[in-house]
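# Coordinate inspection notes
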Amino acid sequence: MGFSNATQFWNTRFDKEEFIFGKEPNEYLVEQSSRYLKPGNSVLCIADGEGRNGVWLAKQGMRVTGFDVSDIALAKARQFAKDHAVEIEYSLCDTDGFDWQENAYDAIIAIFIQFADPEMRTRIFRQVQIALKPSGIFILQGYTPKQLEYKTGGPSLIEHLYTEDMIRKLSDGFEILDLRCYEKELAEGARHTGMSALLGMAAKKRE
């Protein structure tokens, strides 16, 4: 899917008053951030959508950068940040168009970025590794193939879903701090509600 097509697809989804993934941060992100991140950290949020995760991180005292392919989502995110009196540096782009600078971030956050096909996913992991500082933290949450049975969110294409083995292979060059597959009820807006088959990973870039 090209940039303009992806923008159109996501704009159609985000073009409503409600926050389609809710306004609360992702639970796995909160849990791992409290363990590994601290105020003052520079953090990048990949595809931050309406800003629920970026704004929460900024409220914890972190310096947050984010991007998304949807200008409608980013307009909501910027207003959400303003409502919470925090500043986030947002840009309109996709993962291939973002300016991935070397050793730039203390942490990179990837919450439900399962628009990525296998080739894009490989590129993202490589880009994350370049852009993290040595010992920087990568926090990832996504759905596993069992999610296709629950149908409570996420893509319908199995190649976009995560297995533990796949994530281990992609994470070569990282020290895995936490990696688990589990099932849990989610309540993240209309798009992520109900019993869900999840994978969570926190990893540290090797020095």
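The sections below set out a description of the structure shown in this document. Here the structure is a predicted model, which is why all the values come from computation and not from measurement. Starting from 1, residues in each chain are numbered consecutively following that chain's sequence as written. Predicted model: local features are reported for residues with pLDDT of at least 70 only, side-chain atom pairs are reported and counted for 80 or more only, and whole-chain, interface and lining totals are derived from all residues. The side-chain values count all of the structure's non-hydrogen atoms but skip hydrogen atoms and water molecules.

Here the focus is the packing of helix 1 (residues 3-14) against helix 4 (residues 71-83). Contact geometry of helix 1 with helix 4 gives a least axis separation of 7 Å together with a crossing angle of 50°. Relative to helix 4, helix 1 is oriented oblique. Facing Thr 7, Asn 11 and Phe 14 of helix 1, the residues of helix 4 in contact are Asp 71, Ile 72, Ala 73 and Lys 76. Under the grouping applied here, Gly and all other residues not named as nonpolar or charged are polar, the nonpolar ones being Ala, Val, Leu, Ile, Met, Phe, Trp, Tyr, Cys and Pro and the charged ones Asp, Glu, Lys and Arg. Split by residue class, the contact of helix 1 with helix 4 holds three nonpolar, two polar and two charged. Orientation is described by axes fitted as lines to C-alpha atoms, over the contacting stretch for helices, and by angles from 0 to 180 degrees between their N-to-C directions. Comment: elements are numbered from the N terminus, with helices defined as DSSP H or I runs of at least four residues and strands as E runs of at least two. Note on angle classes: values under 35 degrees are labelled roughly parallel, values over 145 roughly antiparallel, values of 65 to 115 roughly perpendicular, and the remainder oblique. What makes two residues a contact is simply this: any of their non-hydrogen atoms within 4.5 Å.

On to the sheet that holds strand 3 (residues 88-92). Here, strands pair whenever DSSP counts at least two bridges between them. Strand order across the open sheet formed by seven strands is 3-2-1-4-5-7-6, with mixed pairing between neighbours. With one partner strand each, in any of the chains shown, strand 3 and strand 6 (174-188) form the two edges of the open sheet. Neighbour-to-neighbour, the strand axes of this sheet turn through a mean angle of 15°, independent of strand direction. The strands that helix 4 touches are strand 2 (63-68) and strand 3; relative to strand 3, the one it contacts most, it runs at about 170°.

A few words now on the packing of aromatic side chains. A pair of aromatic rings is counted whenever rings of Phe, Tyr or Trp (Trp by its six-membered ring) have centres within 6.5 Å, and the orientation is called stacked for planes under 30 degrees apart, edge-to-face for over 60 and tilted otherwise. For the structure on display, the rule yields ten aromatic pairs. Arranged with centres 6.1 Å apart and planes meeting at 85°, the rings of Phe 67 and Trp 100 form a pair that is edge-to-face. Of this pair, Phe 67 sits in strand 2 while Trp 100 sits in the loop between strand 3 and strand 4 (105-111), placing them 33 residues apart in sequence. This pair shows no difference in class: Phe 67 is buried, exactly as Trp 100 is. Here Phe 138 and Phe 174 contribute two aromatic rings whose centre-to-centre distance is 5.8 Å and whose plane-to-plane angle is 35°, an arrangement assigned as tilted. Type-normalised accessible area, obtained with a 1.4 Å probe on protein chains alone, sets the label of each residue: buried when under 20%, exposed when over 50%, and partly exposed for intermediate values.

We now examine the nonpolar core. If you look at the biggest cluster of nonpolar residues, it comprises 30 residues, and the most contacted ones within it are Leu 37, Leu 57, Val 64, Ile 88, Ile 109 and Ile 139. Counting residues per element, the ones that place at least two in this core are helix 2 (27-36), strand 1 (42-45), helix 3 (52-59), helix 4, strand 3, strand 4, strand 5 (132-143) and strand 7 (192-205). Setting aside residues no more than four positions away along its own chain, Ile 88 makes contact with Gly 54, Val 55, Ala 58, Val 64, Thr 65, Gly 66 and Ala 81. Among the nonpolar cores identified, the runner-up in size contains 28 residues, and Trp 100, Ile 108, Ala 116 and Met 166 belong to it. Only buried Ala, Val, Leu, Ile, Met, Phe, Trp, Tyr and Cys residues count toward a nonpolar core, and they belong to the same one when joined by side-chain atoms within 4.5 Å.

If you trace the backbone, Glu 24 turns up in the loop between helix 1 and helix 2. When its relative accessible area of 59% is taken as the criterion, Glu 24 is described as exposed. Glu 24 sits 141 residues away from Asp 165 along the chain, and the two C-alpha atoms are 30 Å apart.

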